[in-house]
Amino acid sequence: MKSTVIVKNIRIPIDAPIEECYKLARGRLSLPRECVLSLSLHKRSIDARHRKASKPEFVYSVCVECKLDAKRLERLKNTSDIEVVTCQPMTIERGFEPLRARPLVVGFGPCGMFAALLLAEQGYRPLVVERGGDISSRTRAVDEFIRTGRLNTETNIQFGAGGAGTFSDGKLVTRINDPHCSYVLERLREFGAPDEITKLAKPHIGTDRLLGVVGNIARRICELGGEIRFDTKLVDLYSRRGTVSDSKLDGNIHSVGLESNGIRYDIEVGAVILAIGHSARDTFDLVSRRGADMTAKPFSVGVRIEHLQSDIDDALYGKYASLVGADNKRLLPPGEYQLSWREEQRGLKSDTARGVYSFCMCPGGEVVAAASEEGGVVTNGMSRYARDGRNANAAIAVSVFPEDIGGGWQESVEFQRKLERAAYKAGGGDYRAPVELVGDFLDGRTSGFHEPKRILPTYRGGEYTLCDLSGVLPEFVTDMLKKGLPRFGHKLHGFDARDALLTGVETRTSSPLRIIRQDDRTARVAQNLYPCGEGAGYAGGITSAAVDGIYTALALMKRYAPLG
């Protein structure tokens, strides 16, 4: 019987040839040579925890195709660090209820993109609307904003083809343990992502490569009979023809209002998948006015921190940071970190302590201008595939609970907006960012700030203003940042270096609200409205949002028949 097994936790020195891990995998299996059909790399990570005493190691998992009888199969199932893979193909059920019109997918980020792709491949011919531009126009708009400070509020780092994750690092790490995660990685690879994303423990695509992947998926959806309308915004939802604009939804959505280039029009729809991302605040307001149940959820805000990438590499890898192989290329990739600390605090009604943690770490990247509303400064991080920039950056974010800011989702959105406007004002206008050295921040300095010298800000090529970030962020956030930075410095040498840079503000780590949905993934207010992804509060990154989009498309197909 042909079987697939994964041999895990194979450790070899970073300068050892890959064949060494295959040899060790064969030895672990203890199978006759004729039983092993093929070996391939499954996953790779790095263990540099003991770098002072020994050389860092690559930790491999190897996928082995083999012929096994029942006795050998049972033995391997009970062997540590060996997993017998049970492949469960995606189950697609098609319903019988006819669709009145095409299903509408609102948003072309990871969630909407994968929902639309699956629907198109199964004959549902979805219509996708995305308020931002396509890849080329979006790239131009982002470049212009970075260069000139002229913001396009509809096409920017938050809105447009591929969603907010397109202009980040294309990080595909996720905390969810779901079989569809592998499906997402395989499909991304199929559409042009690097082969290694299916094999690395912390895969990434890079902004430069992700742009092409998104374009390829868009073309495939259209080839299969779907349609994508960029620069087109959802502006209303109706239960029936002639519905007044302020009425609640009742039963099913019959039609929607769209707007493109200043022209407003209505179209009939069969169902609506709402994959709007975490920053479509006007659409949140619309959905609330139409009667959807919405609630505040915890989120985080903070700053971006920048170090020299070489400093991070030295802290993680020690003397092995610059080790090269026979091809004269570095053996170790640019270093990544993940840091967190939590503290019990009085007065919190939430079940969890307040945390401060690193988020969206971008090796060899830059801090990018991610505003989507006029008069607000928002930061994010971005790396290209090569991760070869001079600086490393990450968000250092602090937990915000609904009770911190009034309890309602509207208060949560307004809290984010208030911080963004404060950062804009502190930066001096023109979308310059407020910046402060870690040493000045920890000292509580309010004037006479030290200029960056060794580590230079990357935000908009250096458009910044030195200021007191404690005057921009609320006290409970700055208090946790001042406690967390020295603790992170103990974990990772130099993290709290006095000349490390803090840039404000990071407010769009996740959606501050949840659009409540039922077990069949529909909103209670309308039986054919499917809120999903990060904007609806059910995901937290590229991979998890894509998986949520897949499950939502499966739920829609289970009810409805394909279009004829």
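The rules behind these values
- Residues numbered from 1 in each chain as written.
- Predicted model: local features only at pLDDT ≥ 70, side-chain atom pairs only at ≥ 80, totals over all residues.
- Heavy atoms only, no water.
- Helix = DSSP H or I, 4+ residues; strand = E, 2+ residues; numbered from the N terminus.
- Rg over C-alpha atoms; globule rule 2.2 N^0.38 Å.
- Buried < 20%, exposed > 50% of the residue type's maximum accessible area, 1.4 Å probe, protein only.
- Contact = heavy atoms within 4.5 Å.
- Areas by Shrake-Rupley, 256 points an atom, 1.4 Å probe, with all protein chains shown as cover.
- Core = buried A, V, L, I, M, F, W, Y, C linked by side-chain atoms within 4.5 Å.
- Polar contact = N/O pair within 3.5 Å; in protein donor to acceptor, adjacent residues only side chain to side chain.
- Salt bridge = Lys/Arg side-chain N within 4 Å of Asp/Glu carboxyl O.
- Pairing = 2+ DSSP bridges.
- Axes fitted to C-alpha atoms, helices over the stretch in contact; angles between N-to-C directions.
- Phe/Tyr/Trp six-rings, centres within 6.5 Å; stacked < 30°, edge-to-face > 60°.
- Lys NZ or Arg CZ within 6 Å of the ring centre and 35° of its normal.
- Arc of directions from axis to C-beta.

Visitor: I'm lost on the overall build of the protein in this one. Help?
Guide: Of regular secondary structure, the protein possesses 12 helices and 23 strands. What you see for the protein is a C-alpha radius of gyration of 25 Å, in line with the 24 Å of a compact globule of 564 residues. Its C-alpha atoms give the protein principal-axis dimensions of roughly 70 × 70 × 45 Å. Here the protein holds 564 residues, and the buried ones make up 55% of them. Of the contacts formed within the protein by residues at least 6 apart in sequence, a portion of 75% connects residues at least 24 apart. Carbon together with sulfur atoms contributes 47% to the accessible area of the protein, which is approximately 24000 Å² in total.

Visitor: Looking at this structure, how should I read the side chain of Asp548?
Guide: Mapped onto the elements of the fold, Asp548 is located in helix α12 (residues 542-559). Relative accessible area serves as the criterion here: at 5%, Asp548 is assigned to the buried category. Asp548 has contacts with Cys111, Arg517, Arg521, Cys532, Gly533 and Tyr538, leaving out every residue within four places of it along the chain.

Visitor: What am I meant to see in the side chain of Arg354 here?
Guide: Locating Arg354 in the fold gives a position in strand β15 (residues 354-362). Under the relative-accessibility criterion, Arg354 is labelled buried at 4%.

Visitor: I tried to follow the nonpolar core on my own but got confused; where do I start?
Guide: Within soluble globular proteins, side chains that are nonpolar tend to cluster in buried spots. Grouped together as the largest cluster of nonpolar side chains are 129 residues, with contacts concentrated most on Val5, Phe108, Leu188, Ile305, Tyr337, Leu481 and Phe495. Residues contacting Ile305, with those up to four places away along its chain left out, are Tyr337, Ala392, Asn393, Ala394, Ile396, Val438, Leu485, Phe495, Ala500, Leu501 and Leu502. Judged by nonpolar contacts, the second largest core, of 32 residues, contains Ile253, Phe284, Val287 and Ala296.

Visitor: Could you clarify how one ought to interpret the environment of Tyr357 in this entry?
Guide: By the element assignment, Tyr357 lies in strand β15. Tyr357 gets classed as partly exposed once you look at its relative accessible area, which sits at 21%. Along the sequence, Tyr357 and Phe284 sit 73 residues apart, while their C-alpha atoms lie 27 Å from each other. Beyond its immediate chain neighbours, meaning those up to four positions away, Tyr357 contacts Ser300, Leu339, Ser340, Ala395, Ile396, Ala397 and Phe488. Looking at Tyr357, its side chain comes within polar contact range of the side chain of Ser300, at 2.7 Å.

Visitor: I'm lost on the pattern of salt bridges in this one. Help?
Guide: Pairs may arise between side chains of opposite charge once their charged atoms sit close together. Summed over the entire model, instances satisfying the criterion amount to 41 salt bridges. We note a salt bridge from Arg229 to Glu227, for which the minimum N-O separation is 2.8 Å. A relative accessible area of 25% places Arg229 in the partly exposed class. Its relative accessible area of 27% is what places Glu227 among the partly exposed residues. In this structure, Arg498 and Asp443 form a salt bridge, with 2.4 Å as the shortest nitrogen-oxygen distance.

Visitor: Explanation requested: the sheet that holds strand β6 (residues 127-130) in the structure shown.
Guide: A sheet is described by the order of its strands in space; here five strands give the open sequence β7-β6-β5-β11-β23, paired in parallel fashion. At either end of the open sheet lies a strand with only one pairing partner, and these are β7 (227-230) and β23 (529-531). Between one strand and the next, the sheet's axes are offset by a mean angle of 15°, whatever the strand orientation. As defined by bridge partners, strand β5 (residues 103-106) adjoins β6 across three bridges and the pair is classed as parallel.

Visitor: Teacher, can you tell me more about the packing of aromatic side chains here?
Guide: To describe a pair of aromatic rings, one takes the distance between the centres and the angle between the planes. Under the defined criterion, the tally for this structure stands at nine aromatic pairs. An aromatic cluster is defined as three or more aromatic residues linked by ring pairs; in this entry it consists of Phe145, Tyr424 and Tyr431. Looking at Lys482, its charged tip hangs above the ring of Phe441, at a distance of 5.2 Å from the centre. We note Arg487 situated over the ring of Trp341; from NZ or CZ to the ring centre the distance is 4.0 Å.

Visitor: Looking at this structure, how should I read helix α1 (residues 19-29)?
Guide: Every α-helical turn comprises 3.6 residues, leaving residues that sit three or four positions apart pointing alike. For α1, the set of buried residues is Cys21, Ala25 and Leu29. Seen from one end, α1 has its buried residues packed into an arc of 75°, which puts them on one side. In α1, the exposed positions that point more than 90 degrees away from the buried face belong to Glu19 and Lys23. Backbone geometry just after α1 places Ser30 at a positive phi near 55°.

Visitor: Looking at this structure, how should I read the environment of Gly206?
Guide: Tracing the backbone through its elements, the reader meets Gly206 in the loop between α5 (180-190) and α6 (207-223). Note on Gly206: relative accessible area 0%, which makes it buried. Gly206 sits 13 residues away from Ala193 along the chain, and the two C-alpha atoms are 9.0 Å apart.

Visitor: For this particular structure, what's the right way to read the sheet that holds strand β1 (residues 2-13)?
Guide: If you trace the four strands from one edge of the open sheet to the other, you get β2-β3-β1-β4, paired in antiparallel fashion. Unpaired on one side and paired on the other, β2 (36-47) and β4 (82-84) mark the two borders of the sheet. The mean angle between the axes of side-by-side strands here comes to 20°, regardless of whether they run parallel or antiparallel. In this structure, β1 lies alongside β4, joined through three bridges in antiparallel fashion. If you follow Val7 over to β4, its bridge partner there is Ile82.

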